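Chain residues, written in single-letter form:
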Amino acid sequence: MTIKNAIRDYGQRYRPRMACLKKAEKVVLEMQDPKSGVKSQPQRLVITTIPHAITGEDIVAWLADKFQIDAQEARSVGSMLVALGYIYPLQDHKRLVIKPDASLYRFQTPYFWPTQQWPVEDTDYAIYLAKRNIRKKGILELHEQEQYNRLHKWMNHKWDFIVMQAKEQYRAAKERKKPDRVVFDCQERAYWVVHRPPVRLYTHTDEHILLTLFCFLQMIFTQQSIMRPRVKSSVSIGALVKFCTTYHTHDPFLCKPLPSNPWLTDDVTYWTLNMLHVEAPTKMRVERWTFSFGELLSDPRGRDDFRLFLKKEFSGENLAFWEGCEDIKFGAAATMGEKAEQIYKTFLARGAPRWINIDGKTMEITVKGLKHPHRYVLDAAQTHIYMLMKKDKYGRYLKSPFYKEMQKKAICPEEHKFTDVQLEQNSRNRRPSLSPIILRQQEQELKAKMAASAPVDITQVMSKLSNGFMWLCQKT
Amino acid sequence: PTIYVCFSLCPLGGTEVQLNETLAHLKTESETLKSKLEEERAKLHDVELHQVAEKVEGLGQFVMKTRRTLKGHGNKVLCMDWCKDKRRIVSSSQDGKVIVWDAFTTNKEHAVTMPCTWVMACAYAPSGCAVACGGLDNKCSVYPLSLDKNENLAAKKKSVAMHTNYLSACSFTNSDMQILTSSGDGTCALWDVESGQLLQSFHGHAADVLCLDLAPSETGNTFVSGGCDKKANVWDMRSGQCIQSFETHESDINSVRYYPSGDAFASGSDDATCRLYDLRADREVAIYSKESIIFGVSSVDFSLSGRLLFGGYNDYTINVWDVLKGTRVSILFGHENRVSTLRVSPDGTAFCTGSWDHTLRVRAICSLI
């Protein structure tokens, strides 16, 4: 029994449809307004005259005007109202769409509106209880009274309908012969005992305690939220807008990717040029590395370049340590302990081969935590090193001849200008690409080789690998 | 300490009336605190998003085309996810089938038949070598993919997550080794794939959790979830605590997605609106809605720069919103039934929608006039 069960809102099942149906009903009522609604008139259909018929084109025109939308969208909205059952076609009744011509439609009577057709049980049960209440007030048992109150609450706006139905049924029942009536009453009562049994899973007191507990937890959370530090809207919204403008030219939906969008031209050069490990990345890609340190790190090509830069500065251990921490956080739980041990030996222990420079306090916390390692045991140290790289090394990297070299090497492809014939050809020549499964196998083989042999320039090797794949792709 | 205080206030042997009174009193206090929170939030609210966006240039007219239609599912498509290689896709449907496609060539590469129907969640592993899926079986299973066409993928399947109600969404974290799930049982959970061990659970929603999204990796270890209790909660993956909560929607939240910078997120709900929440300002900053849109939003995603928000709706359409200015820039037709899932590709060159009409469509922009 969870807190959630104790306070489950029975209206939950119906709220999603209700949110939409309420809006639809509002529109349909407006459409039926004699002055400002869709104009209706009696229409001849075969030999009969149908009253209050409306045409498809009038419906579409009214919706387009009301919502200030174009004809296509108005048709779509109108068809939705037909699909829901608020409007029905007089001709071609199997196709539930609005035809924007003189096709005839009528408004459905509210009795049959979709909001009435909830699981029959609950509406019927409400009618049943209301009917018994009419017959003799105070006859409902405790659990029935509770159910009645609950139903009255979330079926509130249909209560007139329910009472009307209850009165109808009560009146109709009075007209039956007495023996029939008694039998029917017994059957009905038995039915509801089966479908709405009086037994509850927990007592009232339990429910109260749970609700109280939940209320308390809510209050504590709200109190904490009040004390949360927050930022002025102008500052944070300003940052959101700035992000958009910074990345504007990199967004393929706003600016054409060069040489062309593979989905449009069926030419995959854009993807080949931007593969994970290429010798010469594109200018756009290199520019992105300047947007934030996170961007540089998350692009494997950028990270490789940064790694080489750090090596030249004799501070490569920082990035290696950071990568080791990520591996612990997101790696398999089983190997976490030994990985933590390895990291301690390599980076943190006294006299470690790749000792990292963190302050005494952080080192103390980390070493202590390593006695009982968990996924986030190196968090403090990792944050420290990350900030060090971000605030110091990253800036230096961007100003270094290393990066300037990269900018010079970066390529800026010409925009493709395919003719229609060429596009046709491209679409016929779509080729599959190498499966990620193969790519991973190759990467693992390469890593094994590198671990065994002398250290090599990783970018050279990786680009050879990806060139090899490109060749393979073209051949398949 | 909380629990003791609670019991001392609650007269255990008290009458129905007394218990009701205590509860009513508490509820009033709770409401007062909530108003106080809104007051505090409002104090720092000195500008609206559309005001700041006035300086930004408007967008032109969009012409978007369906460039691929993937046919092959025998029933409603419920969920899809992109592979990091920017062209492969995994999709799941009501008939229990999970299909891996190369969307570029429209070839089907792998297919799995789940032992249950209504596979409501599926995800591609970061390595591209496995997929995760689940639904009415209350589980999330990981299937390693194989190049051997004759191999039955179900043989190597790993049962990872176990919930007590349906699985609504799943996502790998930064590696193939961890999965985050959300469920109809009201909780989210983080699992170790190899062992199936529960690493962390997240409690706080008062009803079914329908969706989740992980924060972009640079911004730390958090994720956001949305549920039938109309709340969107932001969670700390380390502690399992809910660090922020937003309750402005009027109905169930079907989809949440982080803004690419990680400082905001969008939500789509059955109340027919999409909303943008700024995490640093701790408030809702935009509502994307129109009077003519009365059907709920099933799925949302941002374009690469965060300027565009794509929403898949239950009235079969896709609406494209200018995130900064708050206006709708385009409405797209084409699906013949509800759009159930929508994701932008990893490099932002296209977006894919899955629908109850059994198909998936990949769309890209042809021109911007």
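Residues numbered from 1 in each chain as written. Chains lettered and ligands numbered in written order. Predicted model: local features only at pLDDT ≥ 70, side-chain atom pairs only at ≥ 80, totals over all residues. Heavy atoms only, no water.

The name an unreviewed UniProt entry gives chain B is Guanine nucleotide binding protein (G protein), beta 5a, with Sphaeramia orbicularis as the organism. What the UniProt record of chain B gives under Subunit (unreviewed entry) is the line "May interact with RGS9; this interaction stabilizes both proteins and increases RGS9 GTPase-activating protein (GAP) activity, hence accelerating the deactivation of D(2) dopamine receptor-mediated signaling." (UniProt positions renumbered as here; feature names shortened; annotations may be inferred.)

Labelled according to an unreviewed UniProt entry, chain A appears under the name Regulator of G protein signaling 9b, originating from Sphaeramia orbicularis.

**What to know about the overall build of chain B**
For chain B, the count of helices and strands is three helices and 28 strands. Here the C-alpha radius of gyration of chain B, 22 Å, is about what a compact globule of 369 residues would show, namely 21 Å. Sequence-distant contacts in chain B: of pairs separated by 6 or more residues, those separated by 24 or more amount to 45%. Across chain B, the mean location of the 37 positive side-chain charges is 7 Å away from that of the 44 negative side-chain charges. (Helix = DSSP H or I, 4+ residues; strand = E, 2+ residues; numbered from the N terminus. Rg over C-alpha atoms; globule rule 2.2 N^0.38 Å. Contact = heavy atoms within 4.5 Å. Lys, Arg positive; Asp, Glu negative; His and termini not counted. Charge placed at Lys NZ, Arg CZ, Asp CG, Glu CD.)

**Brief notes about the UniProt feature "domain: RGS" (unreviewed entry) in chain A**
When the UniProt feature table is mapped onto this chain, "domain: RGS" (unreviewed entry) is found at residues 292–407 of chain A. Secondary structure content for residues 292–407 of chain A is 73% helix and 0% strand, while the C-alpha to C-alpha distance between its ends is 16 Å.

**Quick notes on the sheet that holds strand β13 (residues 198–203) of chain B**
Sheet strands pair via backbone hydrogen bonds, and the direction of the pair is either parallel or antiparallel. Residues and elements named next belong to chain B. As summarised here, the arrangement of the four strands in space is β10-β11-β12-β13, forming an open sheet in which the pairing is antiparallel. The sheet is open, and its two edges are formed by β10 (167–172) and β13, each paired on a single side. Put simply, the sheet's adjacent strands are angled 15° from each other on average, direction ignored. Here strand β12 (residues 187–192) pairs with β13 via five bridges, running antiparallel. When the sheet's bridge partners are listed, Ala189 is paired in β13 with Ser201. (Pairing = 2+ DSSP bridges. Axes fitted to C-alpha atoms, helices over the stretch in contact; angles between N-to-C directions.)

**Topic: the interface of chain A and chain B**
The partner chain B presents 129 residues to the 91 residues of chain A that form the contact. Of the roughly 9,800 Å² buried between chain A and chain B, counting both surfaces, carbon and sulfur atoms make up 66%. Applying the counting rule to chain A against chain B returns six salt bridges. Note that B:Arg67 and A:Asp266 form a salt bridge whose closest N and O atoms lie 3.7 Å from each other. At the junction of chain A and chain B, the tally comes to 27 residue pairs in polar contact (both at pLDDT 80 or more). Per-element accounting of the side of chain A that touches chain B gives the leading share, 18 residues, to helix α9 (residues 204–227) of chain A. (Buried area = accessible area lost by both parts, 1.4 Å probe. Salt bridge = Lys/Arg side-chain N within 4 Å of Asp/Glu carboxyl O. Polar contact = N/O pair within 3.5 Å; in protein donor to acceptor, adjacent residues only side chain to side chain.)

**Observations regarding the side chain of B:His73**
All names here are of chain B. Take His73: it is sitting in the loop between β1 (62–71) and β2 (77–82). Of the residues examined, His73 reaches a relative accessible area of 7% and is grouped as buried. At 2.7 Å, the side chain of His73 and the side chain of Ser91 are in polar contact. Looking at His73, its side chain comes within polar contact range of the side chain of Ser93, at 3.3 Å. Excluding residues within four positions of it along the chain, His73 makes contact with Ser91, Ser92, Ser93, Lys97, Ile99, Trp101, His358 and Leu360. (Buried < 20%, exposed > 50% of the residue type's maximum accessible area, 1.4 Å probe, protein only.)

**Focus: the UniProt feature "repeat: WD" (unreviewed entry) in chain B**
All names here are of chain B. Feature annotation in UniProt places "repeat: WD" (unreviewed entry) on residues 70–111, 160–201, 202–245, 246–287, 297–331 and 332–362, given in this structure's numbering. Between the first and last C-alpha atoms of residues 246–287 the distance is 13 Å; the span itself is 0% helix and 55% strand. Taken end to end, residues 297–331 is 0% helix and 60% strand, and its two terminal C-alpha atoms sit 13 Å from one another.

**Some thoughts on the confidence of the model for chain A**
Residue and element names in this part refer to chain A. Per-residue confidence for chain A gives a mean pLDDT of 84; residues scoring 70 or more make up 84%. Within chain A, the element-level pLDDT minimum falls on helix α1 (residues 3–6), averaging 37, and the maximum on helix α13 (residues 283–288), averaging 96. In the predicted structure, residues 1–14 sits below a pLDDT of 50 and forms 30 contacts with residues beyond four places in sequence or in another chain. Considering only residues more than four positions removed or in separate chains, one finds that residues 471–476, a stretch of pLDDT under 50, has four contacts. (pLDDT = per-residue confidence, 0-100.)

**A look at the packing of aromatic side chains**
Considering all chains together, one arrives at 32 aromatic pairs over all chains under this definition. Where A:Phe306 meets A:Tyr397, the ring centres are 5.6 Å apart and the plane angle is 85°; that geometry is what we call edge-to-face. In this pair, A:Phe306 is assigned in helix α15 (residues 300–312) and A:Tyr397 in helix α19 (residues 379–399), connecting sequence segments 91 residues apart. When sorted by exposure, A:Phe306 lands in the same class as A:Tyr397, which is buried. What links up through ring pairs into an aromatic cluster is the set A:Phe293, A:Phe306, A:Phe309, A:Trp322, A:Tyr386, A:Tyr394, A:Tyr397, A:Phe402 and A:Tyr403. Residue placement shows B:Arg68 over the ring face of B:Phe104; its charged tip is 5.0 Å from the ring centre. Here the guanidinium or amino end of B:Lys76 rests over the ring plane of B:Trp356, the centre of that ring lying 4.8 Å away. (Phe/Tyr/Trp six-rings, centres within 6.5 Å; stacked < 30°, edge-to-face > 60°. Lys NZ or Arg CZ within 6 Å of the ring centre and 35° of its normal.)

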